[in-house]
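Geometric and topological summary
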Amino acid sequence: QVQLVESGGGLVQPGGSLRLSCAAAGSDFSLFPLAWYRQAPEKQRELVASITNVGKTNYADSVKGRFTISRDNANNTMYLQMNSLKPEDTAVYYCKLSRYGQGYWGQGTLVTVAS
């Protein structure tokens, strides 16, 4: 029983920045690994970044150096800071919590990068 809600998406110009948030309820957030995924139009969902319960991070090559994943366990919130955005970053972004082999997903938030 886990509920995840993403927010912070919107329209941004190339080179701009956005910060996405994922708020969780229904679980002890601090115990579990988290991740951000994205799905562009007519493409498969792909892993963008992940973070363990102790803060170890990993990034897709396409976003490394531009995006930063973080978590605030006290507030049951995960973040994705996105800088130097490119049109190819346009996608619906989803947060995911992994709990005992089960993945839980949010509803997604749309990020559009365009002039």
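To be clear, the structure that these remarks concern was listed above.
So, a few notes on the structure that sits alongside this text. (Residues numbered from 1 in each chain as written. Predicted model: local features only at pLDDT ≥ 70, side-chain atom pairs only at ≥ 80, totals over all residues. Heavy atoms only, no water.)

1. What about the sheet that holds strand β1 (residues 3–7)?
Basically, it comes down to this: Here, strands pair whenever DSSP counts at least two bridges between them. In this text, helices come from DSSP runs of H or I with a minimum length of four residues, and strands from runs of E with a minimum of two, each type numbered from the N-terminal end. To define axes, lines are fitted to C-alpha atoms, for helices over the stretch in contact only, and angles between the resulting N-to-C directions are given on a 0 to 180 degree scale.
The four strands are arranged β1-β3-β8-β7 in an open sheet whose pairing can be described as antiparallel. Either end of the sheet is taken by a strand with one partner, and the two such strands are β1 and β7 (67–72). Along the sheet, successive strands turn relative to each other by an average axial angle of 15°, direction set aside. Note that β1 and strand β3 (residues 18–25) share five bridges and pair antiparallel.

2. Things to note about the pattern of salt bridges
The following threshold applies: The salt bridge criterion pairs a side-chain nitrogen of Lys or Arg with a carboxyl oxygen of Asp or Glu, the two atoms within 4 Å. Using a 1.4 Å probe on the protein chains alone, a residue whose accessible area is under 20% of its type maximum counts as buried, one over 50% counts as exposed, and one in between counts as partly exposed.
Scanning all chains against the criterion turns up three salt bridges. Here Arg 66 and Asp 89 are joined by a salt bridge, their closest N and O atoms 2.8 Å apart. Of this pair, Arg 66 sits in the loop between β6 (57–59) and β7 while Asp 89 sits in the loop between β8 (77–82) and β9 (91–99); the two residues are 23 residues apart in sequence, bridging distant segments of the chain. Residue classification places Arg 66 among the buried positions, given a relative accessible area of 11%. One network of salt bridges, with partners in common, ties together Arg 38, Glu 46, Arg 66 and Asp 89.

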